[in-house]
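As a plain string of letters, each chain reads:
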Amino acid sequence: MKTLNKDRLIEDVRNVGYEITSIDDLMKIGTKDKNLLPLLLKYLTEVDDESDKQFLVRCLGVKGFKEAMPILLDEYEKSANQNLKWAIGNTISLIDDEGNLPKLMEVAGDKKNGMSRQMFIIAIGQTKNSIALPLLKSLLDDNEVVGHVIMALAKYQMPEIISDLQLLEQHPVKWVRNEAKKAIKKLSKLI
């Protein structure tokens, strides 16, 4: 198993022109640090250790790092680790890229992907693309993702979604009920 050589990564980051004191500094990069993207993606594809992959995936969670999407989606498909897959979805939601909406919808709609779909659903909601509405509505009865579906639907700012959410005010899980009530309140202000 190939693990992350942290000292080498720190040295490579410094060679690109960044002065970092520890590997954890990479968790603080932002949009201005896009020139680190190829380096982080190279390391992500080279390591086998899933905890190292998860660390690198989390470093890539920067709005606008769209160039990372193909590799992130490939890593998602290759992995069986639900924690890594969830982290990839979270990073994808932070990148905020509508260009891969069909693939995001494919992942979110496949129940075999389990809870790792949650943040893909959030990413879909951020696009506010109406093509995804039928999928999101169809997932309202999927207990693995229902709370995230509610959050995604609330982003659409479409009061007509309220009727789809009202039944969820009686959901057995408290946080799902709370998300439904919060979304209904938000959408009701638009009427």
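Above: the structure in question.
Every value quoted in this text rests on a predicted model; they were computed, and no experiment measured them.

Draft legend 1. Looking closely at the overall build of the chain. On a plain count of helices and strands, the chain comes out with 11 helices and zero strands. Secondary structure elements of the chain, listed N to C terminal, follow the sequence α-α-α-α-α-α-α-α-α-α-α. On the principal axes, the C-alpha backbone points of the chain span a range of 55 × 30 × 30 Å. When burial is assessed residue by residue, the chain has 50% of its 191 residues classed as buried. Taking all contacts inside the chain whose residues are at least 6 apart in sequence as the whole, residues at least 24 apart take part in 65%. Just so you have it, the chain exposes about 9,600 Å², and 51% of that area is on carbon and sulfur atoms. For the chain, the centre of its 28 positive side-chain charges and the centre of its 28 negative side-chain charges are spaced 6 Å apart.

Draft legend 2. Region of interest: the side chain of Glu-75. Examined against the element boundaries, Glu-75 turns out to sit in helix α4 (residues 69-78). Of the residues examined, Glu-75 reaches a relative accessible area of 3% and is grouped as buried. Residues within four places of Glu-75 in sequence aside, it is in contact with Leu-44, Thr-45, Lys-53 and Ile-88.

Draft legend 3. Quick peek at the nonpolar core. With 66 residues, the main nonpolar core has Leu-26, Ile-124 and Leu-165 as its most contacted residues. When residues no more than four places from it in sequence are discounted, the contact partners of Ile-124 are Leu-101, Leu-104, Met-105, Ala-108, Ala-132, Leu-135, Leu-136 and Tyr-156.

Draft legend 4. Focus on helix α11 (residues 174-188). With 15 residues, α11 should cover 21 Å at 1.5 Å per step; its first-to-last C-alpha distance of 21 Å lies within 8% of that length. Among the residues making up α11, those that are buried are Val-176, Glu-179, Ala-180, Ala-183, Ile-184 and Leu-187. Taken end-on, α11 shows its buried residues confined to a sector of 130 degrees, consistent with a single buried face. Exposed residues pointing more than 90 degrees away from the buried face of α11 are listed as Lys-174, Lys-182 and Lys-185. In this structure, the buried residues of α11 make contact with α9 (146-154) and α10 (162-166).

Draft legend 5. Up close: helix α3 (residues 50-59). Those residues of α3 not exposed but buried are Asp-52, Lys-53, Phe-55, Leu-56, Val-57 and Cys-59. Elements that come into contact with the buried residues of α3 comprise α1 (6-15), α2 (37-46), α4 and α5 (82-95).

Draft legend 6. Local environment of the packing of aromatic side chains. Counted according to the given criterion, the structure contains one aromatic pair. For the ring pair Tyr-76 and Phe-120, a centre distance of 4.8 Å and an interplane angle of 65 degrees mean the geometry is edge-to-face. Within this pair, whereas Tyr-76 is found in helix α4, its partner Phe-120 is found in helix α7 (residues 118-127), the two being separated by 44 residues in sequence. Here the two residues Tyr-76 and Phe-120 agree in accessibility, since each one is buried. The ring of Tyr-43 carries the charged tip of Lys-42 above its face, separated from the ring centre by 4.7 Å. Between the NZ or CZ atom of Lys-85 and the centre of the ring of Tyr-76, over which it lies, the distance is 4.3 Å.

Draft legend 7. Expanded view of the packing of α3 against α5. One can describe the packing of α3 onto α5 by two numbers: an axis separation of 9 Å at closest approach and a directional angle of 10 degrees. By the angle between their axes, α3 is roughly parallel relative to α5. Along the contact surface, α3 presents Glu-50, Lys-53, Gln-54, Val-57 and Arg-58, while α5 presents Asn-83, Leu-84, Trp-86, Ala-87, Ile-88, Asn-90 and Thr-91.

Procedures and definitions
Residues numbered from 1 in each chain as written. Predicted model: local features only at pLDDT ≥ 70, side-chain atom pairs only at ≥ 80, totals over all residues. Heavy atoms only, no water. Helix = DSSP H or I, 4+ residues; strand = E, 2+ residues; numbered from the N terminus. Buried < 20%, exposed > 50% of the residue type's maximum accessible area, 1.4 Å probe, protein only. Contact = heavy atoms within 4.5 Å. Areas by Shrake-Rupley, 256 points an atom, 1.4 Å probe, with all protein chains shown as cover. Lys, Arg positive; Asp, Glu negative; His and termini not counted. Charge placed at Lys NZ, Arg CZ, Asp CG, Glu CD. Core = buried A, V, L, I, M, F, W, Y, C linked by side-chain atoms within 4.5 Å. Expected span 1.5 Å × (residues − 1). Arc of directions from axis to C-beta. Phe/Tyr/Trp six-rings, centres within 6.5 Å; stacked < 30°, edge-to-face > 60°. Lys NZ or Arg CZ within 6 Å of the ring centre and 35° of its normal. Axes fitted to C-alpha atoms, helices over the stretch in contact; angles between N-to-C directions. Parallel < 35°, antiparallel > 145°, perpendicular 65-115°, else oblique.

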